[in-house]
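# Structural overview for review
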Amino acid sequence: MTAKTPTERRLLANALPPVPEADATAIASFLDAVWAENGLAQQSLDGYRRDLEGFARWCNTSQGSLADADRALLFDYLAWRTREGYSPRSNARLLSSLRAFYALSVRRGRRSDDPTALLDPPKLPRSLPKALTESEIDALLSAPDVAAPLGLRDRAMLELMYAAGLRVSELVDLPSTAVNLRQGVLRVTGKGSKERLVPLGEESQHWLEKYLAESRPVLAGKRSLVPLFIEPDGRAPSRQAFWGLVKRYAGAAGIDPTRISPHGLRHSFATHLLNRGADLRALQLLLGHSSLSTTQIYTLVAREHLKQLHGKHHPRA
């Protein structure tokens, strides 16, 4: 069977029946519980909701339900998703959501068994993060027209994302109170609502100060606005909008837009720090990773860089 495109999968999902009322109530109760217990960010809660509602709607076509599903029904659903072209990563995330849902059901005595207990997660291909070279980063950061208010804002956003290694959601959600220019640090709220302090660096602080002094007042007018970075209508830029401007400036800088994404700036930040001798534990703190094993993927990138240098310059490589 030919794998469907993401658009075709969305159309297929939208054609499924609605979530049964009992399952909708169970999902709402689960989301309230994990928010209260773990303080999850809205983005994480939305991901749980999408996964659980998708399974509940599919169960409705099989005369089953999310709350009472057994292992066989889960197998059938995962097999269906695989046939429809969902990626192993997407299925792994779904299984994680279902594990959390049924674990809570067992703890609360609503079920005596966990149907996900013996399900193995899909094997994920280990891909190295895609990082730009330092010269490509310089070209990208220099692409915006800083004579225009929005261009100056874009330059400040790009500089800050690269200098602080931010996730795109962290960048666009920054409040104006997150910046301490006197101390040169940024307070970032990351996954799981965990906060971390990240140094700004001279270059990003320069462009941030310039944006706050010259561009933001023009964009904000007389309005008192919470977001650090704003659109002309006063709202914070969306993740999709920032994705678009990164692609646009990549093209202007002579970089293939298919090679770059907003997350690529974060990967470049980490890779360039390691290439210049940064400590892995310090990098973990800067990136806001809860586990050092997540950060260690960047050591593979640095190792590949060293291999390339060796192959290019060593007489017997």
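Structure first, text after, so check above.
Residues numbered from 1 in each chain as written. Predicted model: local features only at pLDDT ≥ 70, side-chain atom pairs only at ≥ 80, totals over all residues. Heavy atoms only, no water.

### A closer look at the overall build of the chain
Each helix and strand in the chain was counted, giving 14 helices and three strands. Burial status across the chain gives 40% buried among its 317 residues. Taking the intrachain contacts of the chain between residues at least 6 apart in sequence as the baseline, contacts between residues at least 24 apart amount to 58%. When the accessible surface of the chain is split by element, carbon and sulfur atoms take 53% of a total near 17400 Å². (Helix = DSSP H or I, 4+ residues; strand = E, 2+ residues; numbered from the N terminus. Buried < 20%, exposed > 50% of the residue type's maximum accessible area, 1.4 Å probe, protein only. Contact = heavy atoms within 4.5 Å. Areas by Shrake-Rupley, 256 points an atom, 1.4 Å probe, with all protein chains shown as cover.)

### Points about the nonpolar core
The biggest cluster of nonpolar side chains holds 42 residues, and the ones touching the most others in it are Leu160, Leu166, Leu171, Leu174, Leu186, Phe229 and Phe242. Among the elements of the structure, helix H6 (134-141), helix H7 (149-164), helix H8 (168-172), strand E2 (185-189), helix H9 (202-220), helix H10 (239-252) and helix H11 (262-275) are those that each provide at least two residues to this core. The element that contributes the greatest number of residues to this core is H7, accounting for eight residues. Aside from chain neighbours lying at most four places away, what touches Leu160 is Gly165, Leu166, Leu171, Leu174, Leu186, Leu200, Ser204, Leu228 and Phe229. Leu31, Trp80, Leu94 and Leu119 belong to the second largest nonpolar core, which has 30 residues in total. (Core = buried A, V, L, I, M, F, W, Y, C linked by side-chain atoms within 4.5 Å.)

### Regarding the environment of Leu286
Within the fold, Leu286 resides in helix H12 (residues 280-287). For Leu286 and Ala270, which are 16 residues apart along the polypeptide, the C-alpha to C-alpha distance reads 8.9 Å. Not counting residues up to four positions away in its chain, the partners in contact with Leu286 are Ala164, Arg196, Val198, Pro199, Phe269 and Leu273.

### Comments concerning the pairing of strand E3 (residues 195-199)
Burial along E3 is one-sided: Arg196 and Val198 are buried, while Glu195, Leu197 and Pro199, pointing the other way, are not. Bridge count for E2 against E3 is five bridges, and the pairing is antiparallel. When the sheet's bridge partners are listed, Arg187 is paired in E3 with Leu197. Following E2, the chain reverses through five residues before pairing antiparallel with E3; Gly192 in that reversal takes a positive phi of roughly 70°. (Pairing = 2+ DSSP bridges.)

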